[in-house]
Amino acid sequence: MPRLSIDPPSSKSLQLRPAPVGRTAHQPPRLRDWAGLTDADVLARHRPGQTDPLQVLEVLLRLHNQQHTSRQKTVSHKTRQDRADFLRRFYAALHDRAGFKTLPDPRNLGQKHIRAMVQVWRSDKLKPATIQTYLSFLRGLALWTGKPGFVRGPAFYGLELHEYQRHEVAERDKSWSAQGLDIDALLQRVSAYDAYVGASLRVIHAFGLRKKESVMLRPNALVVPFEATGLPPEERQADHYLWVRQGAKNGRPRYLPLDTPQRQQAIAHAQRVAGTDVEAHLGRPDRSLKQNMQRFAYVLRKFCFTKRKLGVTAHGLRHEALIGEYVVRTGQQPPVRGGASDGSNEVKAACLAVSRMAGHSRPRASRAYLGAILGRPRRKASQTDGADAMEATAA
């Protein structure tokens, strides 16, 4: 049985910290300069036409970037960074790509600016999901400036349906077995070349983790007994659980049961690779997270785990695990593998279990792995917030 860390998670450990705004030439004042001021007071210090528009943008990011645009919650650090990076690029492209000699104050952004940039995206042949995400980020900016509803749907800006309709439902099986690959043999070869990357791929295959989650996983510290999970007794599936915490999207941790020999063996292998240090993760200890992620990508390219070469990526192992979970729970193949979907309670429960295993809170997220499941109303793509769009496309 894997070594255990029985310390239960504390509420303090789950708190989100505000993401810092990167250093730029237009850095806004320090937060203590805003003490006692409302958001309106802060912006009033930066009058349109008298303040560099890029400085106003940085002020808005500092004030609002941590906020979800449609829900009362904060967004993940990744979403904050992606949104800030996009808005900065958007303003640079207004001048460099769209031909506007004078940049507008964010509070005076007009439809002509958005129309021009949509045409730039169109000429660049951006994917529908990317365009949806960009428009969602602009909706956030409009909300920050007191103009809800200002940014319209893609069709308003002249885009055809095929140019902006996002495909949230898996249309093909992306798992490794679907490509006829011998997964165990390939993982042994990778492990012989790089034990750390091999261990990461094994836990992805066993638990359906994301790449970042697997690299940041601390196998010695985050295996806990069921009693430490806080889950209801009726949900008990195993004596020990893996607490997926570091690298989880939106900071949403989850517990995954060590209920199969495959999962137990994957964790035991990961613990051997990590060594005896309780805090050791599955990246090389002498490298940063960025360097370990780069090494991960390099090893996958070396073994031809790309869409161009073998037709698979590391994410395909995540699909493998999640499809496997559905098959175990229902006894049938999912629609993406040609199986039928009857919309029964059993199927709905399996979809919810797959979504939770993947780290999502909504059952419909399972469609990105399983295909079209009956009984799930489709939400209009234009209503999807930036964070939700990224969740659907980078599941």
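Everything that follows concerns the structure shown earlier in this document.
J.: Please clarify how the overall build of the chain should be interpreted in this entry.
T.: Regarding its fold elements, the chain presents 15 helices and three strands. Buried residues in the chain amount to 48% of all 395 residues. Contacts in the chain between residues at least 24 apart in sequence constitute 67% of all its contacts with a sequence separation of at least 6. When the accessible surface of the chain is totalled, it reaches about 19,600 Å², and 51% of it is carbon and sulfur.

J.: In this structure, what is going on with unusual backbone geometry? I would like to understand it.
T.: Outside of glycine, negative phi angles account for most residues, and trans bonds account for most peptide bonds. Positive phi values are uncommon outside glycine, yet Lys125 reaches one of about 55°. Relative to the elements of secondary structure, Lys125 occurs in the loop between helix H4 (111–123) and helix H5 (128–144). On the accessibility criterion, Lys125 (71% relative accessible area) is exposed. If you check the backbone angles, Cys304 has positive phi at about 65° while not being a glycine. Structurally, Cys304 is set in the loop between helix H11 (289–302) and helix H12 (314–330).

J.: How should the side chain of Ser214 be read in this particular structure?
T.: On the secondary structure map, Ser214 appears in helix H9 (residues 211–216). The residues touching Ser214, leaving out its near neighbours within four places in the chain, are Ser200, Val203, Ile204, Leu209, Leu282 and Phe296.

J.: Even after reading the chapter, I still don't get a positive patch on the surface, so can you show me in this structure?
T.: A cluster of like positive charges, contributed by Lys127, Arg172, Lys174 and Lys307, occupies part of the molecular surface. For Lys307, the position within the fold is in the loop between H11 and H12. Here Lys307 falls in the exposed class, since its relative accessible area comes to 61%.

J.: Help me understand the packing of aromatic side chains, please; the structure alone is not making it clear to me.
T.: For any pair of aromatic rings, geometry is given as the distance between the ring centres together with the angle between the planes. Evaluated as defined, the whole model comprises 12 aromatic pairs. With 4.6 Å between their ring centres and 45° between their planes, Trp176 and Phe305 make a pair best called tilted. Residue Trp176 is located in the loop between helix H6 (161–164) and helix H7 (183–193), and its partner Phe305 is located in the loop between H11 and H12; the two are separated by 129 residues in the primary sequence. Assessed through its relative accessible area of 0%, Trp176 is described here as buried. Pairwise contacts between aromatic rings join Phe86, Phe90, Tyr91, Trp121, Tyr134 and Phe137 into one cluster. The side chain of Lys147 reaches across the aromatic face of Phe150, ending 4.3 Å from its centre. In this structure, Arg152 is placed above the aromatic ring of Phe156, and the distance from its NZ or CZ to the ring centre is 4.2 Å.

J.: Before we go on, may I ask you to explain the pattern of salt bridges in this structure?
T.: Two side chains carrying opposite charge are able to pair once their charged atoms lie near each other. On inspection of all chains with the given rule, the structure shows 17 salt bridges. Notably, a salt bridge pairs Arg210 with Glu213, separated by 2.8 Å at the nearest N-O pair. Judged on exposure class, the residue Arg210 and its partner Glu213 are both buried. Across the salt bridge formed by Arg218 and Glu279, the nearest N and O atoms sit 2.0 Å from each other. One end of the pair, Arg218, is in the loop between H9 and strand E1 (223–225); the other, Glu279, is in the loop between helix H10 (261–274) and H11, with 61 residues separating them in the sequence. When its relative accessible area of 11% is taken as the criterion, Arg218 is described as buried. A single network of salt bridges, built from pairs that share partners, joins Asp259, Arg263, Glu325 and Arg329.

Cut-offs used in this document
Residues numbered from 1 in each chain as written. Predicted model: local features only at pLDDT ≥ 70, side-chain atom pairs only at ≥ 80, totals over all residues. Heavy atoms only, no water. Helix = DSSP H or I, 4+ residues; strand = E, 2+ residues; numbered from the N terminus. Buried < 20%, exposed > 50% of the residue type's maximum accessible area, 1.4 Å probe, protein only. Contact = heavy atoms within 4.5 Å. Areas by Shrake-Rupley, 256 points an atom, 1.4 Å probe, with all protein chains shown as cover. Patch = residues over 30% accessible without salt bridge, like charges linked within 9 Å, V, L, I, M, F, W, Y side chains within 5 Å. Salt bridge = Lys/Arg side-chain N within 4 Å of Asp/Glu carboxyl O. Lys, Arg positive; Asp, Glu negative; His and termini not counted. Charge placed at Lys NZ, Arg CZ, Asp CG, Glu CD. Phe/Tyr/Trp six-rings, centres within 6.5 Å; stacked < 30°, edge-to-face > 60°. Lys NZ or Arg CZ within 6 Å of the ring centre and 35° of its normal.

All quantities given are derived from atomic positions and should not be read as evidence of function.
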